[in-house]
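Now for the letters of each chain:
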Amino acid sequence: MKKTASFLVAVAVMSLASSLAYAYDPSPLQDFCVAIDEPKNAVFVNGKFCKNPNLTVAVDFFFHGLNIPGNTENLVGSNVTLVNVDRLPGVNTLGISIARIDYAPYGENPPHTHPRATEILTVLEGTLYVGFVTSNPENRLISKVLNKGDVFVFPFGLIHFQFNIGHTPAVAIAALSSQNPGVITIANAVFGSNPPINPDVLAKAFQLDKKVVEHLQAVF
C-alpha cells in the first residue's frame, strides 16, 4: 500500500513538473510592457479587448482594398499595405496578418526584420531577388530569384529583403504569423533613431569615418 501511495505521489509530482516545464509566456504583441502597480495608469496589452461574440458581424472579419496598388514613388521604390489587427479586427488573437507589397522597377523592400513573426511571401507579378541573413556568428546569406507564383519563407526575426530586378513593376503577397508582426527597417532604426545614436558608436560598429555616419544620420 505504501509503495502504491509513493508511486502515485511521484507520478503526481512528475506530472506537475512536466506541466510547468511546458508552460510559457505568450509571445508579446508590442515592443515592451513595463510593469505598473497602479491599474488606473495601465493599458491592456497583448491583443485587444474582445467584442461580445453575439454582436460580431461579417464586416469584423472583412477587409477591402488589397487589389489596389500602393504608391511606390518614394526613395526605396516600394509600398507595403499591411492588414493587421488594426485594420481587420477579426484577426485579434488568431496570430495572423497579411500584406500586399508593390515594387517599382528596381525598387526594394529594404533589409528589415519582424520582431514578432515569420513571413511567407508569394510573388504575384514580376521577378524579385529575395534573401535573409542567419544569426551570428555565421551571418550567412540565403537568397533566391523568385518569379510569378514562387513562394519563399523568411524565418522569425531574421533580417530579410526583396529587390525587384525586373524592368516592370512587381507585386507580392506576404502572410505573417502575428496579428501585429511589427517591423524594424535596419537603416532607419540605426541611422534614423530619435534621438540619434552617438556617431562614435556607429563609426566603431560599422568601421566608418564619423563624417560618413553623420551624413547617413542626416539622410535618415
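(A) How the structure looks around the side chain of Arg-116. Its location among the elements puts Arg-116 in the loop between strand E3 (108-113) and strand E4 (119-125). Classification of Arg-116 by relative accessible area gives buried; the value is 11%.

(B) Geometry of the sheet that holds strand E1 (residues 78-83). In spatial order, the strands read E1-E2-E9-E4-E7; together these 5 strands make up an open sheet with antiparallel pairing. The open sheet has two edge strands, E1 and strand E7 (151-154), and neither has a second partner. Geometrically, the sheet is characterised by an average inter-axis angle of 20° between neighbouring strands, direction not taken into account. In this sheet, strand E9 (residues 170-176) lies alongside strand E2 (residues 97-103) in antiparallel orientation, the contact comprising 7 bridges. Opposite Ile-101, over in E9, you have Ala-172 as the bridge partner.

(C) Layout of the packing of aromatic side chains. Within the structure shown, the criterion is met by 5 aromatic pairs. Note on Phe-191 and Phe-220: the rings are 6.2 Å apart at their centroids and 25° apart in plane angle, and the pair reads as stacked. Separated by 29 residues along the polypeptide, Phe-191 in helix H2 (residues 186-191) and Phe-220 in the segment after helix H4 (210-219) bring together distant segments of the chain. We classify Phe-220 as partly exposed; its relative accessible area is 42%.

(D) A look at the packing of helix H3 (residues 199-206) against H4. Orientation of H3 relative to H4, taken along the N-to-C sense of each, is 115°, at an axis distance of 9 Å. By the angle between their axes, H3 is roughly perpendicular relative to H4. The element H3 and its partner H4 pack so that their crossing is right-handed. Residue-level contacts link Pro-199, Asp-200, Leu-202 and Ala-203 of H3 to Lys-210, Val-213, Glu-214 and Gln-217 of H4. Taken together, the residues of the contact of H3 with H4 sort by class into 4 nonpolar, 1 polar and 3 charged.

(E) Layout of the side chain of Asp-60. Within the secondary structure, Asp-60 is located in the loop between helix H1 (2-22) and E1. At a separation of 3.0 Å, a polar atom in the side chain of Asp-60 contacts the side chain of Lys-51. The residues contacting Asp-60, other than those within four sequence positions of it, are Lys-51, Leu-55, Leu-88, Pro-89 and Gly-90.

(F) How the structure looks around the pairing of strand E5 (residues 128-133). Bridge count between E5 and strand E6 (residues 141-146): 6 bridges; the pairing is antiparallel. Bridging across to E6, Leu-128 finds its partner in Leu-146. Where E5 and strand E8 (residues 160-164) come together, 5 bridges link them in antiparallel fashion. Within the sheet, the bridge partner assigned to Val-130 lies in E8 and is Gln-162.

Conventions adopted
- Residues numbered from 1 in each chain as written.
- Predicted model: local features only at pLDDT ≥ 70, side-chain atom pairs only at ≥ 80, totals over all residues.
- Heavy atoms only, no water.
- Helix = DSSP H or I, 4+ residues; strand = E, 2+ residues; numbered from the N terminus.
- Buried < 20%, exposed > 50% of the residue type's maximum accessible area, 1.4 Å probe, protein only.
- Pairing = 2+ DSSP bridges.
- Axes fitted to C-alpha atoms, helices over the stretch in contact; angles between N-to-C directions.
- Phe/Tyr/Trp six-rings, centres within 6.5 Å; stacked < 30°, edge-to-face > 60°.
- Parallel < 35°, antiparallel > 145°, perpendicular 65-115°, else oblique.
- Left-handed = near helix turned anticlockwise from the far one by under 90°.
- Contact = heavy atoms within 4.5 Å.
- Nonpolar A, V, L, I, M, F, W, Y, C, P; charged D, E, K, R; others polar.
- Polar contact = N/O pair within 3.5 Å; in protein donor to acceptor, adjacent residues only side chain to side chain.

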